[in-house]
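A structural walkthrough
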Amino acid sequence: MFVPNEPLDRETPGNHPGGAHSGGLRPTGDATILHADLDSFYASVEQRDDPTLAGRPVIVGGGVVLAASYEAKAFGVRTAMSGGQARSLCPQAIVVPPRMSAYSQASKDVFDVFHDTSPLVEGISIDEAFLEVGGLAKIVGNPLQIGANLRRDVAEQVGLPITVGIARTKFLAKVASAFAKPDGLLRVPPEGETEFLHPLPVEKLWGVGKITAQKLRNFDIVTVGDIARHDESSIVSILGGGAGRHLYALSHNRDPRPVRAYRGRSSMGAQHALGRGSHPRAELDASLMSLVDRVSRRMRSAQRTGRTITLRLRFADFTRATRSHTLRRSTDDTAELLNASMVLLDEAIPTISDKGITLIGVAVSNLDRDGAQQLELPFDGPGFASPDTAALDSAMDSVRKKFGSAALTRGVLLGRDPDLSVPLLPD
């Protein structure tokens, strides 16, 4: 089994294979795909901004762990763990409240470095991305040099540690970055793919969780190499057609997906977990207003308009339902989107009353990427007069941009705790 002997800037030795989807061609050429992944992102931002936290166990979030520094992870603290359990594992940990605006700004700064590094950047989340650097050899250097420069630039310009994995496929580049964490650089050369990949446990393959891993272990399939040594039909007989072919392809490093520049979202949405128990209609109305307000503000900021509004519900018995309505014209108007959402909620009230509700969400799709709107003559009200809701939205957006999102809100939302808004990739 390959074991790196350097903590940073390392490269694997070598054998061969490769490939793409089951039945696809093996990848050719050099390893030119970078997977760049920030280390314990939220916690690293906190340690960067408060030097007294450097080298100490840090937990972001009190009730639920949103992130943990590597010093806290060493005690077994993990993301999504309850705060009580995390503190029992690591009593000396320093718990800090999340600062989403700081994480959002740090993400933007890091992505600026990504785009300075390569014109082909595919964002996966706010703290990781794929970069294709195959055409930059004569300008910048080989992929290993580019990866080293990227790590240096992120450290110097943003002040955060980042790990980079380099391989011929997106799948293997991501595995390499996970292997190199924290704060590392690892290139898997074409001739070293088998030696690196096959000794890894099956859990390293995308799509393998506890249940799938146990199914494989029941047949003494423990490593990626064990999958590769079987016939594809054998793996399909264990896991089914889709999962079996997918994992067999990955075991041979067959992943044909190219790095594609991020083109923005096909929809924008938000949701709010209500918890178990009774929720009166007034509470549901207020939650929906808050969600529509947030989504429409994002749409205007990104210069997007949309036509289809979808209401998402999760009931107390864990079943889910969606209801949607398509408007006659594309819009980013808060009042229009809210009115359509309220109609959908009205239709769902009998089911909510019968089953109870634990989550409500709203999304707008059929987005126009240029923010175009069909202008109409105001033929609706007496004297054809209607309120200028676009001007109201614009004024509210300006106030919130200057003084913060909590500076101005609807009267019905006064006194309600604002939902925690997780940073997202740019819209």
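Please read these numbers as outputs of a predicted model, since none were measured by experiment.

Cut-offs used in this document
- Residues numbered from 1 in each chain as written.
- Predicted model: local features only at pLDDT ≥ 70, side-chain atom pairs only at ≥ 80, totals over all residues.
- Heavy atoms only, no water.
- Helix = DSSP H or I, 4+ residues; strand = E, 2+ residues; numbered from the N terminus.
- Buried < 20%, exposed > 50% of the residue type's maximum accessible area, 1.4 Å probe, protein only.
- Contact = heavy atoms within 4.5 Å.
- Areas by Shrake-Rupley, 256 points an atom, 1.4 Å probe, with all protein chains shown as cover.
- Phe/Tyr/Trp six-rings, centres within 6.5 Å; stacked < 30°, edge-to-face > 60°.
- UniProt positions renumbered as here; feature names shortened; annotations may be inferred.
- Salt bridge = Lys/Arg side-chain N within 4 Å of Asp/Glu carboxyl O.
- Pairing = 2+ DSSP bridges.
- Polar contact = N/O pair within 3.5 Å; in protein donor to acceptor, adjacent residues only side chain to side chain.
- Arc of directions from axis to C-beta.
- Expected span 1.5 Å × (residues − 1).

On to the overall build of the protein chain. Counting its regular elements, the protein chain contains 14 helices and 13 strands. Residues classed as buried in the protein chain amount to 46% of the 427 residues present. Across the protein chain, every contact between residues at least 6 apart in sequence was considered, and the portion connecting residues at least 24 apart equals 69%. Split by element, the accessible area of the protein chain, about 21100 Å² in all, is 53% carbon and sulfur.

With that out of the way, let us pick up the packing of aromatic side chains. Taken as a whole and assessed by the stated rule, the structure comprises 6 aromatic pairs. A centroid spacing of 5.0 Å and a plane angle of 70 degrees characterise the contact between Phe111 and Phe114, whose relative ring orientation is edge-to-face. Within this pair, Phe111 and its partner Phe114 are both found in helix 4 (residues 100-117), separated by 3 residues, close to a single helical turn. The residues Phe111 and Phe114 share a single accessibility class, namely buried.

With that settled, consider the UniProt feature "site: Substrate discrimination" (unreviewed entry) in the protein chain. Those places that UniProt annotates as "site: Substrate discrimination" (unreviewed entry) correspond, in this numbering, to Tyr42. Position of Tyr42 relative to the elements: it lies in helix 1 (residues 41-49).

Let us look at the UniProt feature "binding site: Mg(2+)" (unreviewed entry) in the protein chain. The positions that UniProt labels "binding site: Mg(2+)" (unreviewed entry) are, in the present scheme, Asp37 and Asp127. A maximum C-alpha distance of 6.0 Å among these annotated residues, which run over 91 residues, shows that they cluster at one spot. With a relative accessible area of 13%, Asp37 lands in the buried category. Tracing the chain through its elements places Asp127 in the loop between strand 6 (120-125) and strand 7 (128-132). Beyond its immediate sequence surroundings of up to four residues, Asp127 is in contact with Ala36, Asp37, Leu38 and Phe41.

A few words on the pattern of salt bridges. Under the counting rule described, the total for this entry stands at 19 salt bridges. The residue Lys181 makes a salt bridge to Asp39 at a minimum N-O spacing of 2.6 Å. With Lys181 in the loop between helix 6 (170-180) and strand 9 (185-187) and Asp39 in the loop between strand 2 (33-38) and helix 1, this residue pair connects regions lying 142 residues apart in the sequence. Using a relative accessible area of 3% as the deciding quantity, one classes Asp39 as buried. Taking the shortest distance from any N to any O, the salt bridge between Arg281 and Asp285 comes out at 2.7 Å.

Time to look at the sheet that holds strand 4 (residues 67-68). Strand order in the open sheet formed by 3 strands is 4-3-5, and the pairing between neighbours is mixed. The outermost strands of the open sheet, each flanked by one partner alone, are strand 4 and strand 5 (94-96). Of the pairings in the sheet, the one linking strand 3 (residues 58-60) to strand 4 comprises 2 bridges and is antiparallel in character. Bridge pairing in strand 4 links Ile59 to Ala68.

Pairing of strand 6 with strand 7, which is carried by 5 bridges, proceeds in the antiparallel orientation. Each residue of the ladder has a partner; that of Ser125, found in strand 7, is Glu128. With antiparallel pairing between neighbouring strands as the criterion, strand 6 and strand 7 make up a hairpin whose turn holds 2 residues.

Here we come to the side chain of His279. Assignment of secondary structure puts His279 in the loop between strand 10 (267-273) and helix 12 (281-301). A residue is classified by how much of its surface remains accessible, and His279, at 14% relative accessible area, is buried. Of note is the side chain of His279, whose polar atom sits 3.5 Å from the backbone oxygen of Leu274. A polar contact of 3.1 Å, which involves the side chain of His279, links it to the side chain of Glu283.

With that out of the way, let us pick up helix 10 (residues 232-239). Taken residue by residue, helix 10 has Ile235, Ile238 and Leu239 as its buried positions. Looking straight down helix 10, one finds its buried side chains confined to an arc of 80 degrees; they lie on one side. Facing away from the buried side of helix 10 by over 90 degrees, the exposed positions are Ser233 and Ser237. Buried residues in helix 10 make contact with helix 8 (210-217), helix 9 (224-229) and helix 11 (241-251). Positioned one or two residues after helix 10, Gly240 has a phi angle of 95 degrees, which is positive.

It is worth spelling out helix 5 (residues 143-157) at this point. For helix 5, with 15 residues, the first-to-last C-alpha span of 20 Å sits near the 21 Å given by 1.5 Å per residue. Looking at helix 5, one finds that the buried residues are Pro143, Ile146, Gly147, Leu150, Arg151, Asp153 and Val154. With its buried residues spanning 165 degrees around the axis, helix 5 presents them on a single face. Residues of helix 5 that are buried sit in contact with strand 2, helix 4, strand 8 (162-167) and strand 9. By the N-cap criterion, in which a side-chain oxygen at the helix start approaches the backbone nitrogen of a residue two or three places on, helix 5 is capped by Asn142, the distance to Leu144 being 3.0 Å.

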